[in-house]
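One-letter residues, chain by chain:
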Amino acid sequence: MINSLGAMRRIRWIVRKGVLPDNWLGRILGRKPRMVVAVALANKMARIIWAMMMREQNYRIA
């Protein structure tokens, strides 16, 4: 639930600022409806969080 709220907020922010087609989220927003993209983004965030918890790691910006 929290991931989906964060995903929708991120999508609204990106759409308002201008979609960047050069990244993953921008490309998928160009092809799919916003709600489908929100589910995909929430799923991606959940997988990242799960992997961090299993490896006992902190988030690192690439």
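Residues numbered from 1 in each chain as written. Predicted model: local features only at pLDDT ≥ 70, side-chain atom pairs only at ≥ 80, totals over all residues. Heavy atoms only, no water.

(A) Summary view of a positive patch on the surface. Together, Arg9, Arg12, Arg16 and Lys17 line one region of the surface with positive charge. For Arg16, the location among the structural elements is in helix α1 (residues 2-17). With a relative accessible area of 55%, Arg16 lands in the exposed category. (Patch = residues over 30% accessible without salt bridge, like charges linked within 9 Å, V, L, I, M, F, W, Y side chains within 5 Å. Areas by Shrake-Rupley, 256 points an atom, 1.4 Å probe, with all protein chains shown as cover. Salt bridge = Lys/Arg side-chain N within 4 Å of Asp/Glu carboxyl O. Lys, Arg positive; Asp, Glu negative; His and termini not counted. Charge placed at Lys NZ, Arg CZ, Asp CG, Glu CD. Helix = DSSP H or I, 4+ residues; strand = E, 2+ residues; numbered from the N terminus. Buried < 20%, exposed > 50% of the residue type's maximum accessible area, 1.4 Å probe, protein only.)

(B) Quick peek at the packing of aromatic side chains. Summed over all chains, the structure comprises 0 aromatic pairs. Above the ring of Trp24, the side-chain terminus of Lys44 is found at 4.2 Å from the ring centroid. (Phe/Tyr/Trp six-rings, centres within 6.5 Å; stacked < 30°, edge-to-face > 60°. Lys NZ or Arg CZ within 6 Å of the ring centre and 35° of its normal.)

(C) A look at the nonpolar core. Core analysis: the largest hydrophobic core is formed by 11 residues, namely Ala7, Met8, Ile11, Ile14, Leu25, Ile28, Leu29, Val37, Ala38, Leu41 and Ala42. Of all elements in the fold, only α1, α2 (24-31) and α3 (34-55) reach the threshold of two or more residues within this core. The contact partners of Leu29, leaving out residues within four places of it in the chain, are Ile11, Ile14, Val15, Val19, Arg34 and Val37. (Core = buried A, V, L, I, M, F, W, Y, C linked by side-chain atoms within 4.5 Å. Contact = heavy atoms within 4.5 Å.)

(D) Representation of the environment of Gly30 in the model. Of note, Gly30 is situated in helix α2. Its relative accessible area of 66% is what places Gly30 among the exposed residues. Along the sequence, Gly30 and Val19 sit 11 residues apart, while their C-alpha atoms lie 8.3 Å from each other.

(E) Structural view of a nonpolar patch on the surface. A cluster of nonpolar residues, Ile49, Trp50, Met53 and Met54, forms a patch on the protein surface that exposes about 470 Å² of accessible area. Of note, Ile49 is situated in helix α3.

(F) Region of the structure containing the environment of Tyr59. Relative to the assigned elements, Tyr59 resides in the segment after α3. When the C-alpha positions of Tyr59 and Ile48 are compared, they lie 9.0 Å apart, and in sequence the two are 11 residues distant.

So far we have only geometry, and geometry alone does not tell us how the molecule works.
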